[in-house]
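Residue-level listing of the chains:
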Amino acid sequence: MENNKLPPKTDQPRAEKILIIGSGGREHAVGWKVAQSPRAREIYFAPGNGGTQKIGINVDIKATEIEKLLSFAQKEKIDLTVALPDDPLALGIVDEFEKAGLRIWGPTKAAAKLEWSKAFSKDFMKHHGLPTAKFEIFNDYNTAKAYVSRQHMPIVIKASGLALGKGVVICQTPREANEALENMMVKKVFGESGGTVVIEEFLTGPEISIHAFSDGKTYKMFPSSQDHKKIGENDTGLNTGGMGTIAPVPFVSAESMNEMARDVVSKTISAMADMQNQFSGVLYPGLMLTEDGPKILEYNARFGDPETQTYMRLLDTDILDIFDACIDKNLDKLEIKWKKSPPAGGQVFACTIVLASDGYPENYEKGKIISGIDEAEMQPDIVIFHAGTKIVRQDLTTNGGRVLGVSATGKTLEEALAKAYKAIEKISFEGMQYRKDIGKKALEMIK
Ligand code: AMP
Ligand code: GLY
């Protein structure tokens, strides 16, 4: 049984100081995996959360304060920095660290543009024949408005830049479309991120996440995963950062994973390399499996959250070896292993259920006392990753919208989900909300 405590001591040298940038469940999960490496000596999180504090040292520097992070890494002689959130990548943290001669894992600003500019990524997809929704790009409000008036509804309007996952509006009526355009382009609710918009055709089909490690030249696929982005059960209500994930997705065959690796990941990595803009890090395309085949909804230039919490439960290879292989451009030489169940080496499934604050993804209160985590973690195959938590005096309290990710593994997806939901019964904080149907649609699809 795995738990959330420090890994057992080994005789091997624990040499390295690692700095992990970010404060969410993804950062806790990567830190948890790093802590299992015999090479990791000290792990720092900037700024971290209540859970990362138990496996490392939280440093009070925000993920976007690049100069301060750089000085900290220099002063502490950090051996490897791992850049996880979208904002620092878009601000060029990797370029700045590399310029200063520091070792950092993640894509450069130019490569991360696949995520931080939808206008760039859509043009890139079109130019390289990558499968995606038909689209037009607009910088001018009146031209966009005139275009929308000629389109059939529904239509999808996207702010080109980063918008905390809120920059996509699916418009059912021309009125909704005009409102979305006005909010983005005139009222600038997403600031400069909405100055340019992508307007695209509405697609239908199940959505999945794929992830691949890349060293810029080659890539290694993760198993498929699926996030649940809406706050409400049966995919209703507002979009969130992600309310729960499963992996691998039971309805995605090995054959279709191979096709997506070939038609999406491989093509993207080689097209970027051809443009002298190598992508090193994790490439995470969000895909919709339409009747005409998989289409790319968006690129992310990083690990997903909460996909990562689920993936880390399945990853068998030392993650520091993978980070090294990405940086040193010898990923082709590394075999990345994902957990198999003993004795026959059958499939292992994992899931993560997010526990959120009342009111999330809109306004919510912080500072609620969380209880029951230790008891929940004593259950078989449960690991709890913290997101919005903070230790205040001796108490673990809520400090964000998404508070915890309860992860479980099992020989079947049903088993993993049942374990996670059972563990959740032990946990409570005022106003705690979570989706009770994570994985349900995926399981119905294979019936
Ligand atoms: P994105 O941030 O581009 O992944 O979009 C957020 C969510 O909006 C996706 O997870 C989809 O559910 C939805 N979405 C994005 N683009 C489209 C599209 N062209 N057709 C239908 N739904 C979409
Ligand atoms: N799983 C959603 C995201 O990381 O963007």
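Everything here concerns the structure above.
Residues numbered from 1 in each chain as written. Chains lettered and ligands numbered in written order. Predicted model: local features only at pLDDT ≥ 70, side-chain atom pairs only at ≥ 80, totals over all residues. Heavy atoms only, no water.

Novice: Quick question: what am I supposed to make of the sheet that holds strand 25 (residues 402-410) here?
Specialist: Remark on secondary structure: sheet strands pair via backbone hydrogen bonds, oriented parallel or antiparallel. Pairing is antiparallel in the open sheet, where 5 strands are placed in the order 13-16-21-25-22. The strands lining the two open edges of the sheet, one partner per strand, are strand 13 (226-227) and strand 22 (382-386). In the packing of helix 14 (residues 413-424) onto the sheet, contacts are made with strand 16 (244-247), strand 21 (349-356), strand 22 and strand 25, and the angle to strand 21 comes to roughly 30°. (Pairing = 2+ DSSP bridges. Helix = DSSP H or I, 4+ residues; strand = E, 2+ residues; numbered from the N terminus. Contact = heavy atoms within 4.5 Å. Axes fitted to C-alpha atoms, helices over the stretch in contact; angles between N-to-C directions.)

Novice: Is there a simple way to think about the nonpolar core in this case?
Specialist: Nonpolar side chains tend to gather and get buried jointly when the protein is soluble and globular. The biggest cluster of nonpolar side chains holds 74 residues, and the ones touching the most others in it are I93, V406 and L417. With residues up to four places along the chain from it excluded, the contact list for I93 reads I21, I66, L69, A83, P88 and I104. (Core = buried A, V, L, I, M, F, W, Y, C linked by side-chain atoms within 4.5 Å. Buried < 20%, exposed > 50% of the residue type's maximum accessible area, 1.4 Å probe, protein only.)

Novice: Before we go on, may I ask you to explain the pairing of strand 2 (residues 40-47) in this structure?
Specialist: Looking at chain direction, strand 1 (residues 16-22) and strand 2 are connected through 7 bridges and run parallel. The partner of L19 across the bridge, within strand 2, is Y44. At this point the chain moves from strand 1, through helix 1 (residues 25-35), to the parallel strand 2, and the crossover so formed is right-handed. (Right-handed = clockwise from strand over helix to strand, strands pointing away.)

Novice: Even after reading the chapter, I still don't get the packing of helix 8 (residues 141-149) against helix 9 (residues 174-186), so can you show me in this structure?
Specialist: Packed helix pairs are specified by the crossing angle of their axes together with the interaxial distance, meaning the distance between the axes. Two elements in contact, helix 8 and helix 9, have axes whose closest approach is 10 Å; the angle formed by their N-to-C orientations is 165°. Considered as vectors, helix 8 and helix 9 are oriented roughly antiparallel to each other. The two elements helix 8 and helix 9 meet at a crossing, and its hand is right-handed. On helix 9, the residues that touch Y141, A144, K145 and V148 of helix 8 are A177, N178, L181, E182, M185 and V186. Of the residues in the contact of helix 8 with helix 9, the class split is 7 nonpolar, 1 polar and 2 charged. (Parallel < 35°, antiparallel > 145°, perpendicular 65-115°, else oblique. Left-handed = near helix turned anticlockwise from the far one by under 90°. Nonpolar A, V, L, I, M, F, W, Y, C, P; charged D, E, K, R; others polar.)

Novice: I tried to follow the layout of surface pockets on my own but got confused; where do I start?
Specialist: Think of a ball as big as a water molecule: rolled over the atoms, this probe shows where empty space is left. By volume, the second largest pocket amounts to about 460 Å³. Residue lining of the second largest pocket: 21 residues in total, with F222, P223, S224, M257 and Q347 positioned closest to the centre. Residue composition of the lining of the second largest pocket, by class: 14 nonpolar, 4 polar and 3 charged. (1 Å grid on protein atoms, 1.4 Å probe; cavity = no way out; pocket = protein on both sides within 12 Å on 5 of 7 lines; lining within 4 Å. Points joined across faces, edges and corners; volume = space filled by probe spheres on them.)

Novice: What is the right way to look at the site of ligand 2 in this model?
Specialist: Every residue close to ligand 2 is listed here: D227, G241, Y284, R302, G304, D305 and E307. At 3.2 Å, a side-chain N or O of Y284 approaches a nitrogen atom of ligand 2. Bound to the protein, ligand 2 loses 88% of the 200 Å² it would expose on its own. A breakdown of the residues in the shell around ligand 2 according to their chemical character gives 1 nonpolar, 2 polar and 4 charged. (Near = heavy atom within 4 Å. Polar contact = N/O pair within 3.5 Å; in protein donor to acceptor, adjacent residues only side chain to side chain. Areas by Shrake-Rupley, 256 points an atom, 1.4 Å probe, with all protein chains shown as cover.)

Novice: Explain empty space enclosed by the protein to me, please; I cannot follow it from the model alone.
Specialist: Tallied over the full model, the rule gives 2 cavities of 30 Å³ or more. If you add up the space inside the largest cavity, you get close to 50 Å³. For the largest cavity, the full set of lining residues is L114, E115, K118, S121, K122, M125, K158, L297, E298 and Y299. Broken down by secondary-structure element, the contributors of at least two residues to the lining of the largest cavity are helix 6 (109-116), helix 7 (118-127) and strand 18 (293-300). Top contributing element to the lining of the largest cavity by residue count: helix 7, with 4 residues. Of the residues assigned to the lining of the largest cavity, the class counts are 4 nonpolar, 1 polar and 5 charged. Within this model, the second largest cavity holds a volume of roughly 30 Å³. Together, D86, L89, A90, A112, E115, W116, L162 and A301 line the second largest cavity.

Novice: Any chance you could explain a nonpolar patch on the surface here in plain terms?
Specialist: Residues V168, I170 and F202 make up a contiguous nonpolar surface patch of about 220 Å² in total accessible area. Assignment of secondary structure puts F202 in the loop between strand 9 (197-201) and strand 10 (207-209). (Patch = residues over 30% accessible without salt bridge, like charges linked within 9 Å, V, L, I, M, F, W, Y side chains within 5 Å. Salt bridge = Lys/Arg side-chain N within 4 Å of Asp/Glu carboxyl O.)

Novice: What is the right way to look at the packing of aromatic side chains in this model?
Specialist: Aromatic ring pairs: the centre-centre distance and the angle between the two ring planes describe each pair. Summed over all chains, the structure comprises 15 aromatic pairs. Here F124 and Y299 contribute two aromatic rings whose centre-to-centre distance is 6.1 Å and whose plane-to-plane angle is 70°, an arrangement assigned as edge-to-face. With a gap of 175 residues between them, F124 in helix 7 and Y299 in strand 18 connect regions that are remote in the sequence. Residues F124 and Y299 agree in their burial class; the two are buried. Ring pairing ties together the aromatic residues W105, F213, F222, F303, Y311, F323 and W338, which thus form one cluster. Sitting over the face of the ring of F135, K126 holds its NZ or CZ atom 5.4 Å from the ring centroid. Sitting over the ring of Y434, K436 keeps its end group 4.4 Å from the ring centre. (Phe/Tyr/Trp six-rings, centres within 6.5 Å; stacked < 30°, edge-to-face > 60°. Lys NZ or Arg CZ within 6 Å of the ring centre and 35° of its normal.)

Novice: Got a minute to help me understand the side chain of S224 in this structure?
Specialist: Following the sequence through the fold, S224 ends up in the loop between strand 12 (219-221) and strand 13. Separated by 3.0 Å, the side chain of S224 and the backbone nitrogen of V249 make a polar contact. Sequence-distant contacts of S224, that is, excluding residues within four places in its chain, are made with S209, I246, A247, P248, V249, V252, M257 and Y311.

Novice: Just to check I follow, could you spell out the site of ligand 1 for this structure?
Specialist: The immediate surroundings of ligand 1 are formed by 15 residues, with E200, E201, L203, E207 and E298 found nearest. In this structure, a nitrogen atom belonging to ligand 1 sits 2.7 Å away from a side-chain N or O atom of E200. Expressed as a share of its isolated accessible area of 470 Å², the protein-covered part of ligand 1 is 91%. For the shell around ligand 1, the secondary-structure elements that each account for two or more residues are strand 7 (155-159), strand 8 (168-171), strand 9 and strand 18.

What is shown is where atoms sit, not what they do.
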